[in-house]
Amino acid sequence: YKRQGTIYYIKEQIQELFMGGNFLGGAVALLYFLMFQLCGVTLAACFLNKERRYTQMILGSAAGSVLLMWLPSLWAFLFSFSITAHVLALISLLLLTVGAVFLKRPKLLPNDFPGKHKAFCRAERTLLLPLGLWLLFVFLVLHSFRYQNGEIWSSQCTYGDMSMHLGFITSIAEQKTFPPMYSILPGVKLSYPFLSDSISSSLYLLGAPLRFAYVLPMLFAGAQVFFGAYLFWQRWLRDKAKTALAEILFFLNGGFGFAYFFPNLQNGTDNFTRIFTSFYETPTNLVNQNIRWVNVIVDMLIPQRATLFGWAVLFPLLYVLYRAVYEQCERYFIIAGIFAGGLVMIHTHSFLAFGLICGVWLCFALCRRVFRGSSAHVQFTAKVAALVLMLLAFGAQFVTPKLISRESSVFLYLVLVCAAAFVLFVLALLIMAIRKGFGIQLVKTWGVFLLITLLLAAPQLFTWTFSQASGDSFMRGWYNWGNLQDGYLWFYLVNLGVTALLFLPAFFTADQRRFTVCAPAAVIWFICEFVVFQPNTYDNNKLLYAAYFLVCGVVASYMVEIYRRLRTLPGRRALAVGALVLCMLSAVLTIGRESIAGYCLYGDSQLKAAEYIYENTEPEDTVLTDMRHNNEIAALTGRNIVCGSTSYVYFHGLDYTERETDMQSMFSAPQANCALFEKYSIDYILVSAYERNNFTVNETEIKALFP
């Protein structure tokens, strides 16, 4: 092989994926994973037999990943997160697939497959766009977790979050307790949507090296996100150019943040090159300048696994629900209900966003039945309602903070009153629809969908979500989520760029179908401007991006239509290219920064310590160590530590203050605090430079008291 070339690079990446584990274990894990993917595609061919082959593959791949998250977890309630549970999960999958094939007898491949394949490639060239984005994603994922000179290195975006996810992956697989507990806060139930990590825990349990187990499901989830979004936009917009532009606007998103890096270039390039040298000073994430609308690929999909796997379900799910609601494919309601119900512990924010979208689409579906022949009046009324919501969000800036605090509960009550009014309106529509004879049809469609969703989602919500979100730091009033200093309109103009400029005309001039599909975006945005759902107010963007996903569709449609209307305008193509550059420049610079970023996450001594601890301790042992975020014990061995980084436990709404105080007491005066060692069931103590720097460590007493 050439030392510098694509083939050598691929060979090198494959070898690196299997570092830290045995090749046989990796092969078994790979076959296990691919079996779920294959069965998922087969099930899609059975139950979505009228869809095109590539649609079946995308939806089936997403189904395979969901099944791999859920089937081992269901069996784990009886047999813990063990090999036994995974064998039973595989048997269950095979029985389900064989039964579906026997009943449905799908035609998996057409007789003239080669000819169909060539025709497909000619007709669907725009699929090269999601393919290209996926290949870029693959490169960035491999770059974000790599072995370098005997150390583990991360990129910029994964330096913070990756250690937490590695800790979830290894602790679930090593300790096998189910439902799992926080290894960074032992004794507390893991309420974070852990299925996005348990899918990697399954591969790690089967013998895959940690990097392989971490990366492989992400690569498939990335494909499900990019192609699932493409499927939805293609079905909704019915235009290849509009679909391609929507894909660009969403995944290569960025506002006008690049403008902060171009001034003073005549005096030197330092202001510009800091994009590629400083830590988190990019055109899509520049906190000092209030740039908070991060790039989807770099700061959402790669570091935030729950978001990645949540969108891998959400986007294909929106496609299925769109077909059910707007194209009268009634049996799709059942499929949508099953996968919506499984979304809670994959990504709770995606489940909430999907619920809000369903609520608005249901409202329009009822209006179509109740007010037949008055669609223009319904659309006008809905646009007025959307305008009122937007004006409320805009106008609130004039009363905060002078009259009302930004974190006032008044905003929460405002949203609750609006929500109650909306629910009452939908109930009134439902009664009118039943009186007009649509009751049976609604039960067979929306009724079945909602019943399945609630039956599957309710146990998850009551077991995990509600117990965690019951604290005061979760759902509360808060105005304008991440805006730190700017006026309302300026904040969104700078952060969203061209999309912000065109959204209002695109939204209010959209035809009936485009408007009704996009309308939930206004509702989600309104709620997120007045309520936050987690301790970190910035995390409202996990809901806002679901709204932005719909916004990109309607804005892309508007931009393409303007371009076509300007057919006789000289320089039309140059203007279009300029607009695209404005849309993508911040994202391109951010991705460029990410592609060369490198930070040592775990040094050689940390890896050796982790290896020693892994080989000489039991999986359920607890180690007293400091609260650094890149804690090799929690992340790489799956063992418990007394308390993890505050950047993890605080933003999960967990109380850690007593533990932090007790840890200081145990390190500084161990003899006087022997009871605390019993309280936290501590088996080992680690004293290294980290502990010496962050605590007052009485090493003399520690050595005297403990072997």
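Here, the structure is the one placed above.
Residues numbered from 1 in each chain as written. Predicted model: local features only at pLDDT ≥ 70, side-chain atom pairs only at ≥ 80, totals over all residues. Heavy atoms only, no water.

Q: What is the right way to look at the overall build of the chain in this model?
A: For the chain, the count of helices and strands is 30 helices and 8 strands. Computed over C-alpha atoms, the radius of gyration of the chain comes to 26 Å, within 12% of the 27 Å expected from 2.2 N^0.38 for 707 residues, which places it in the range of a compact globule. Each principal axis of the C-alpha atoms in the chain carries an extent, and together these give about 85 × 65 × 60 Å. By the burial criterion, 56% of the 707 residues in the chain qualify as buried. Within the chain, residue pairs in contact and separated by at least 24 positions form 78% of the contacts whose partners lie at least 6 positions apart. (Helix = DSSP H or I, 4+ residues; strand = E, 2+ residues; numbered from the N terminus. Rg over C-alpha atoms; globule rule 2.2 N^0.38 Å. Buried < 20%, exposed > 50% of the residue type's maximum accessible area, 1.4 Å probe, protein only. Contact = heavy atoms within 4.5 Å.)

Q: Help me out: how do you make sense of the side chain of His349 in this one?
A: Its location among the elements puts His349 in helix 15 (residues 348–370). Excluding residues within four positions of it along the chain, His349 makes contact with Gln534, Asp539, Lys542 and Leu543.

Q: Which parts of the structure should I look at to understand the environment of Arg659?
A: Turning to its location among the elements, Arg659 is positioned in helix 27 (residues 657–668). The spacing of Arg659 and Cys643 is 16 residues in sequence and 6.7 Å in space, taken between C-alpha atoms. Contacts of Arg659, omitting those with residues within four sequence positions, involve Leu185, Pro186, Val188, Val642, Cys643 and Tyr680.

Q: Mind showing me how you'd approach the packing of helix 15 against helix 21 (residues 520–530) here?
A: Two quantities define a packed helix pair, namely the angle between the helix axes and the distance between the axes. One way to put it is that helix 15 packs onto helix 21 with a least axis distance of 9 Å and a crossing angle of 130°. Classified by the angle their axes make, helix 15 and helix 21 are oblique. Helix 21 is crossed by helix 15, and the crossing has right-handed handedness. In contact with Ala353, Leu356, Ile357, Val360 and Trp361 of helix 15, helix 21 contributes Pro520, Val523, Ile524 and Ile527. Considered class by class, the residues forming the contact of helix 15 with helix 21 number 9 nonpolar, no polar and no charged. (Axes fitted to C-alpha atoms, helices over the stretch in contact; angles between N-to-C directions. Parallel < 35°, antiparallel > 145°, perpendicular 65-115°, else oblique. Left-handed = near helix turned anticlockwise from the far one by under 90°. Nonpolar A, V, L, I, M, F, W, Y, C, P; charged D, E, K, R; others polar.)

Q: Whenever I open this one, unusual backbone geometry confuses me. Can you help?
A: Where the residue is not glycine, phi is negative for most of them; where a peptide bond is considered, it is trans in most cases. The residue after Phe178, namely Pro179, is reached through a cis peptide bond having omega 0°. Within the secondary structure, Pro179 sits in the loop between helix 7 (158–175) and helix 8 (195–205). The step from Thr400 to Pro401 runs through a cis peptide bond, and the omega angle for that step is -5°. Position of Pro401 relative to the elements: it lies in the loop between helix 16 (375–395) and helix 17 (409–469). Of note, the phi angle at Arg105 is positive, near 45°, even though the residue is not glycine. Residue position: Arg105 is located in the loop between helix 4 (83–104) and helix 5 (113–123). Despite not being glycine, Ser681 has its phi angle at roughly 50°, a positive value. As for its placement among the helices and strands, Ser681 is situated in the loop between helix 28 (674–679) and strand 8 (684–685). The exposure class of Ser681 is partly exposed, given its relative accessible area of 48%.

Q: Explain the sheet that holds strand 2 (residues 151–154) to me, please; I cannot follow it from the model alone.
A: Pairing between sheet strands relies on hydrogen bonds along the backbone, with the strands arranged either parallel or antiparallel. Judged by pairing direction, the sheet is antiparallel, and its 3 strands sit side by side in the order 1-2-5 without closing on themselves. Edge positions in the sheet fall to strand 1 (145–148) and strand 5 (599–602), since each of these pairs with one other strand and no more. Sheet twist, expressed as the average angle between the axes of neighbouring strands with direction ignored, equals 45°. As paired elements, strand 1 and strand 2 share 4 bridges and run antiparallel to each other. Bridging from a neighbouring strand, Arg146 pairs with Trp153 of strand 2. (Pairing = 2+ DSSP bridges.)

Q: It is not clear to me how the sheet that holds strand 6 (residues 622–624) should be interpreted in this structure. Could you clarify?
A: Across the sheet, which stays open at both edges, the 3 strands sit in the order 7-6-8 with parallel pairing between neighbours. The open sheet has two free edges, formed respectively by strand 7 (640–641) and strand 8, since each of these has just one partner strand. Two elements, strand 6 and strand 7, share 2 bridges in a ladder whose sense is parallel. Each residue of the ladder has a partner; that of Val623, found in strand 7, is Ile641.

Q: Explanation requested: the packing of aromatic side chains in the structure shown.
A: Aromatic ring pairs: the centre-centre distance and the angle between the two ring planes describe each pair. Tallied over the full model, the rule gives 67 aromatic pairs. Residues Phe256 and Phe258 carry aromatic rings whose centres are separated by 6.3 Å and whose planes lie at 85° to one another, so their mutual orientation is edge-to-face. Ring geometry for Phe677 against Phe706: centres 5.0 Å apart, planes inclined by 50°, an arrangement best described as tilted. Here Phe706 lies in the segment after helix 30 (699–705) and Phe677 lies in helix 28, a separation of 29 residues in the sequence. Look at Phe677 and you get buried, because its relative accessible area is 8%. (Phe/Tyr/Trp six-rings, centres within 6.5 Å; stacked < 30°, edge-to-face > 60°.)

Q: How should the pattern of salt bridges be read in this particular structure?
A: Two side chains bearing opposite charge may form a pair once their charged atoms approach each other closely. Tallied over the full model, the rule gives 19 salt bridges. Residues Arg52 and Glu124 are paired through a salt bridge, measuring 2.7 Å at the closest nitrogen-oxygen approach. With Arg52 in the loop between helix 2 (23–47) and helix 3 (53–79) and Glu124 in the loop between helix 5 and helix 6 (128–144), this pair connects stretches of sequence that are 72 residues apart. Given the relative accessible area of 41%, Arg52 is considered partly exposed. Salt-bridge contacts for Glu691 lead to Arg628; the nearest nitrogen and oxygen are separated by 3.0 Å. (Salt bridge = Lys/Arg side-chain N within 4 Å of Asp/Glu carboxyl O.)

Q: How should the packing of helix 9 (residues 210–237) against helix 22 (residues 541–565) be read in this particular structure?
A: At a closest axis distance of 11 Å, the pairing of helix 9 and helix 22 adopts a crossing angle of 45°. By the criterion of interaxial angle, the relationship of helix 9 to helix 22 is oblique. Both helix 9 and helix 22 take part in a crossing whose hand is right-handed. On the side of helix 9, the interface is formed by Ala229, Phe232, Trp233, Trp236 and Leu237, while helix 22 contributes Phe549, Leu550, Cys552, Gly553, Val554 and Ser557. Residues belonging to the contact of helix 9 with helix 22 are distributed by class as follows: 9 nonpolar, 2 polar and no charged.

Q: What is the right way to look at a nonpolar patch on the surface in this model?
A: On the surface, Phe422, Val423, Leu424, Leu427, Leu430 and Ile434 cluster together into a nonpolar patch covering about 510 Å² of accessible area. Mapped onto the elements of the fold, Ile434 is located in helix 17. (Patch = residues over 30% accessible without salt bridge, like charges linked within 9 Å, V, L, I, M, F, W, Y side chains within 5 Å. Areas by Shrake-Rupley, 256 points an atom, 1.4 Å probe, with all protein chains shown as cover.)

Q: What is the right way to read the side chain of Asn290 from this model?
A: Within the fold, Asn290 resides in the loop between helix 11 (270–277) and helix 12 (296–301). For Asn290, a relative accessible area of 0% corresponds to the buried category. Side chain to side chain, Asn290 and Asn483 meet in a polar contact 2.7 Å long. A polar side-chain atom of Asn290 sits 3.0 Å from the main-chain amide nitrogen of Leu484. (Polar contact = N/O pair within 3.5 Å; in protein donor to acceptor, adjacent residues only side chain to side chain.)

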